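Coordinate inspection notes
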Amino acid sequence: ASAKFRQALEVNPYEDTAMVGQGEADLLRENYRGASGWFKKAHQLNPYQEDAFVGEGNALLKMGKKEDALSAFEAALKIVPDYPPALAGKKKCIE
């Protein structure tokens, strides 16, 4: 999967959905710092990309950065209120 996302980014380096996909692939490989970077690039490019904020929140949570993760989940909820993945992440931060 990672190769496909990188290929998409070679064709269009501004493809935020490919950045999110690459971030998800890095999360699966437990490369949390790399994942966070991809998610951050995606939401900087498209500030309405709620999945980028959720992904960044998940990566930050895995790195033990609960406050930063909570901010990312809350940013996603500002875009899509009641978004289940963001609500679930927020809940993990406050447990």
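The model shown is predicted, which means the values in this text are computed figures rather than measured ones.

Overview of the nonpolar core
F53, V54, L60, L61, A69, F73, A75, A76, L77, Y83, A86 and C93 form the largest nonpolar core, which has 12 residues in total. Elements with a contribution of two residues or more to this core: α4 (50-62), α5 (66-79) and α6 (84-94). With 5 residues, α5 is the largest single contributor of residues to this core. Apart from the residues lying within four places of it in its own chain, the contact partners of A86 are V54, F73, A76 and L77. One finds L27, W38, A52 and A59 within the second-largest nonpolar core, a separate group that totals 10 residues.

A short note on the packing of α5 against α6
Contact pair α5 / α6: the axes reach a minimum separation of 9 Å and the direction vectors enclose 155 degrees. Put simply, α5 runs roughly antiparallel to α6. α5 and α6 meet at a crossing whose hand is left-handed. Residues K66, A69, L70, F73, E74, A76 and L77 of α5 form the contact with α6, whose own contacting residues are P85, A86, L87, G89, K90, K92, C93 and I94.

Concerning the packing of aromatic side chains
Per the stated rule, a full pass over the model turns up 0 aromatic pairs. Between K41 and the ring centre of W38, over which it is positioned, the NZ or CZ distance is 4.8 Å.

Concerning the packing of helix α2 (residues 16-28) against α4
Interhelical geometry of α2 versus α4 gives an angle of 20 degrees and a closest axis separation of 10 Å. Put simply, α2 runs roughly parallel to α4. At the point where α2 passes α4, the crossing takes the left-handed sense. Between α2 and α4, the residues in contact are V20, E24 and L27 and D51, A52, G55, N58 and A59, respectively. Of the residues belonging to the contact of α2 with α4, the class tally is 4 nonpolar, 2 polar and 2 charged.

Brief notes about the side chain of H43
If you trace the backbone, H43 turns up in helix α3 (residues 32-45). Overall, H43 belongs to the buried group, its relative accessible area being 13%. At a separation of 2.4 Å, a polar atom in the side chain of H43 contacts the side chain of E56. Not counting the four nearest positions on each side in its chain, H43 is found in contact with Q49, A52, F53 and E56.

How each quantity is defined
Residues numbered from 1 in each chain as written. Predicted model: local features only at pLDDT ≥ 70, side-chain atom pairs only at ≥ 80, totals over all residues. Heavy atoms only, no water. Core = buried A, V, L, I, M, F, W, Y, C linked by side-chain atoms within 4.5 Å. Buried < 20%, exposed > 50% of the residue type's maximum accessible area, 1.4 Å probe, protein only. Helix = DSSP H or I, 4+ residues; strand = E, 2+ residues; numbered from the N terminus. Contact = heavy atoms within 4.5 Å. Axes fitted to C-alpha atoms, helices over the stretch in contact; angles between N-to-C directions. Parallel < 35°, antiparallel > 145°, perpendicular 65-115°, else oblique. Left-handed = near helix turned anticlockwise from the far one by under 90°. Phe/Tyr/Trp six-rings, centres within 6.5 Å; stacked < 30°, edge-to-face > 60°. Lys NZ or Arg CZ within 6 Å of the ring centre and 35° of its normal. Nonpolar A, V, L, I, M, F, W, Y, C, P; charged D, E, K, R; others polar. Polar contact = N/O pair within 3.5 Å; in protein donor to acceptor, adjacent residues only side chain to side chain.

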